[in-house]
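# An overview of the molecular structure
Each chain is listed here by its residues.
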Amino acid sequence: LCRKDSAEHVWSVALGREAVKEGRRMWELRVSGRSGRMSVGVAKNCDEVTSPPNGWVADACEGKVWHYSSTGGLRCGATILHETGVRFGDGDTIIIGLDMDRGLLHFARSGASSLPVIGVPQGEELHIAVALFMQGGAVDL
């Protein structure tokens, strides 16, 4: 899904092709390689999300991306919704569950207890999304 091989200090972002506007979807992602800073989640398809100069932790991404950071935070853009303390990295499997009918987003990490559920806007078109900062990191769907 997303691999960062460049040494440039910029974020590499990948969005899934299929937008989800209704119903439920579940994705299983496998993290591999050097995974210093990365986020996985769902996002709108817009320039602020796909070309973020400072990653998704920016005011421009508020209300456009909902993500689980490798540092353990559940966020909407830069806003921390929950600080879980559950970090992820190389070898971890992340489950993302999206229920657009109820406006709910759930994350789970292999070997960890359940993480809090966060709200997302209903009726919007959202894509699975990954952002990588460190060279050598990868996320496979």
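Read on for a plain summary of the structure.

Rules used in this analysis
- Residue positions are given per chain, counting from 1 as you read along its sequence in written order.
- Given that this is a predicted model, residues contribute local features only at a pLDDT of at least 70 and side-chain atom pairs are listed and counted only at 80 or more, while totals for whole chains, interfaces and linings are drawn from all residues.
- Heavy atoms from the whole structure form the basis of all side-chain values; hydrogens and water molecules are not counted.
- Secondary structure elements follow DSSP: runs of H or I of four or more residues count as helices, runs of E of two or more count as strands, with numbering from the N terminus.
- Only protein chains enter the calculation, and the probe is 1.4 Å; a residue is then buried if its accessible area is under 20% of its type maximum, exposed if over 50%, and partly exposed in between.
- In what follows, a contact means two residues having at least one pair of non-hydrogen atoms within 4.5 Å.
- Accessible surface area values rest on a Shrake-Rupley calculation with a 1.4 Å probe, where residue burial reflects the displayed protein chains alone.
- Buried Ala, Val, Leu, Ile, Met, Phe, Trp, Tyr and Cys residues form a nonpolar core when they are joined through side-chain atoms within 4.5 Å.
- Any two of the Phe, Tyr and Trp rings considered here, Trp counted by its six-membered ring, make a pair once their centres fall within 6.5 Å; the pair's planes then place it as stacked at under 30 degrees, edge-to-face at over 60, or tilted in between.
- By the convention used here, strands pair only if DSSP detects at least 2 bridges between them.
- As a rule, the C-alpha atoms of each element are fitted with a line to give its axis, helices using only the stretch in contact, and angles between N-to-C directions run from 0 to 180 degrees.

## Brief notes about the overall build of the protein chain
Within the protein chain, the regular secondary structure consists of one helix and twelve strands. Reading the helices (α) and strands (β) of the protein chain from amino to carboxyl end gives β-β-β-β-α-β-β-β-β-β-β-β-β. When burial is assessed residue by residue, the protein chain has 46% of its 141 residues classed as buried. Residue pairs in contact within the protein chain that sit at least 24 positions apart in sequence constitute 63% of those at least 6 positions apart. Taken as a whole, the protein chain presents about 6800 Å² of accessible surface, with 45% of it coming from carbon and sulfur.

## A closer look at the nonpolar core
In this structure, Tyr68, Ile96 and Leu105 are the most contacted members of the largest nonpolar core, which totals 27 residues. For this core, the elements supplying multiple residues, two or more each, are β3 (24–33), β4 (38–43), β5 (65–69), β6 (73–76), β8 (93–99), β9 (104–109) and β11 (127–132). Ranked by size, the runner-up nonpolar core spans ten residues in total, among them Trp11, Val49, Trp56 and Ala131.

## So, the packing of aromatic side chains
For any pair of aromatic rings, geometry is given as the distance between the ring centres together with the angle between the planes. Taken as a whole and judged by the stated rule, the model has two aromatic pairs. Ring geometry for tyrosine 68 and phenylalanine 88: centres 4.8 Å apart, planes at 55°, overall tilted. Residue tyrosine 68 is found in strand β5, and its partner phenylalanine 88 is found in the loop between β7 (79–83) and β8; the two are separated by 20 residues along the sequence. Like phenylalanine 88, tyrosine 68 is buried. Following the ring pairs from residue to residue traces out a cluster consisting of Tyr68, Phe88 and Phe107.

## Digging into the pairing of β4
In terms of burial, β4 is a largely internal element, six of the six residues being buried. Both faces of β4 are covered, namely the face carrying Met38, Val40 and Val42 and the face carrying Ser39, Gly41 and Ala43. Note: β4 against β11, six bridges, orientation antiparallel. Bridge pairing in β11 places valine 42 opposite isoleucine 128. Direction of pairing for β4 relative to β5: antiparallel, over a ladder of five bridges. Each residue of the ladder has a partner; that of serine 39, found in β5, is serine 69.

## Structural notes on the sheet that holds strand β2 (residues 12–15)
Across a sheet, strands are paired by hydrogen bonds formed along the backbone, either parallel or antiparallel in direction. The six strands lie next to each other as β2-β11-β4-β5-β6-β7, forming an open sheet whose pairing is antiparallel. The sheet is open, and its two edges are formed by β2 and β7, each paired on a single side. Across the sheet, the axes of successive neighbouring strands diverge by a mean angle of 20°, strand direction being ignored.

## Some remarks on the environment of alanine 58
In this fold, alanine 58 is placed in the loop between α1 (47–50) and β5. Along the primary structure alanine 58 and glycine 77 are separated by 19 residues, whereas in three dimensions their C-alpha atoms are 6.0 Å apart. Beyond its immediate stretch of four places on either side in the chain, alanine 58 contacts Gly77 and Ala78.

## Digging into the environment of glycine 111
Relative to the elements of secondary structure, glycine 111 occurs in the loop between β9 and β10 (118–119). For the pair formed by glycine 111 and threonine 93, sequence separation is 18 residues and the distance between their alpha carbons is 8.9 Å.

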